[in-house]
Amino acid sequence: AQSVTQPDIHITVSEGASLELRCNYSYGATPYLFWYVQSPGQGLQLLLKYFSGDTLVQGIKGFEAEFKRSQSSFNLRKPSVHWSDAAEYFCAVAPSRADKLIFGTGTRLQVFP
Amino acid sequence: GAGVSQSPSNKVTEKGKDVELRCDPISGHTALYWYRQSLGQGLEFLIYFQGNSAPDKSGLPSDRFSAERTGGSVSTLTIQRTQQEDSAVYLCASSLAAGGNEQFFGPGTRLTVL
């Protein structure tokens, strides 16, 4: 069965610092990978997705993620965090392009000024 | 509307009562998903509708949960004989079609079972 692990429950960074949120997946075939963000009181919003091709994908709000098959990872990065990035971030995997999402447990990001 | 809408936004019910949660997907989206978000279980898939195909019900936690989608549009998630462990935020999402399109999520319905 597919699964997603986000090892960091809570991360605190200073505004302007770089950010990396970790995501590891367990899936036999090539997975379809996603990062979603959930701001307080807001719905889930897609940041970026990986289906195939270039393993470094660019998303909205200045985020990027790199697919590393050898490490079964899909880590999310941002070079300089803004206070508005404080939110909960979810990594997800799907067995096919249009299929149910299997979510990780999420990482809550706190940003200090 | 511009996005996925869900109603009600909040629902408080007594243990043992039945509840219905509604989802209006984005117009033209053929795929519709229900998820549940709770403190203990995180974000869990419940059920998935794609066009006229039989729904994928593999995530429904018990036979007290059911869902239907009428006319390929609006969907209703029904929970019978609610239990306290059903308390959660129920999220609906829709996507344009099979083929890798983004799932757009609604704001959710917060269900509290007393």
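Residues numbered from 1 in each chain as written. Chains lettered and ligands numbered in written order. Predicted model: local features only at pLDDT ≥ 70, side-chain atom pairs only at ≥ 80, totals over all residues. Heavy atoms only, no water.

Enquirer: Kindly report on the nonpolar core, identifying the contributing residues and their values.
Expert: Counting residues in each nonpolar core, the largest one holds 27 residues, and the members touching the most others are A:Trp35, A:Leu48, A:Phe74, A:Leu76 and A:Tyr89. Counting only elements with at least two residues in this core, the list comes to strand E2 (10-14), strand E3 (19-21), strand E5 (32-38), strand E6 (44-50), strand E8 (64-68), strand E9 (73-78), strand E10 (87-94) and strand E12 (107-112) of chain A. At four residues, the largest contribution of residues to this core is made by E10(A). Residues within four places of A:Leu48 in sequence aside, it is in contact with A:Leu33, A:Phe34, A:Trp35, A:Val57, A:Gln58, A:Gly59, A:Phe63, A:Glu64, A:Ala65, A:Phe74 and A:Leu76. A:Phe90, B:Ala31, B:Phe45 and B:Ala93 belong to the second-largest nonpolar core, a separate cluster that totals 21 residues. (Core = buried A, V, L, I, M, F, W, Y, C linked by side-chain atoms within 4.5 Å. Buried < 20%, exposed > 50% of the residue type's maximum accessible area, 1.4 Å probe, protein only. Helix = DSSP H or I, 4+ residues; strand = E, 2+ residues; numbered from the N terminus. Contact = heavy atoms within 4.5 Å.)

Enquirer: Would you mind going over the pairing of E8(A) in detail, with residue names and values included?
Expert: All names here are of chain A. As defined by bridge partners, strand E7 (residues 56-58) adjoins E8 across three bridges and the pair is classed as antiparallel. If you follow valine 57 over to E8, its bridge partner there is alanine 65. What sits between the antiparallel neighbours E7 and E8 is a turn of five residues, in which lysine 61 has the positive phi angle 60°. Bridge count between E8 and E9: five bridges; the pairing is antiparallel. Opposite glutamate 66, over in E9, you have asparagine 75 as the bridge partner. Between E8 and E9, which pair antiparallel one after the other, the connecting turn spans four residues, and serine 72 there sits at a positive phi close to 50°. (Pairing = 2+ DSSP bridges.)

Limitation: the analysis is restricted to geometry and does not speak to function.
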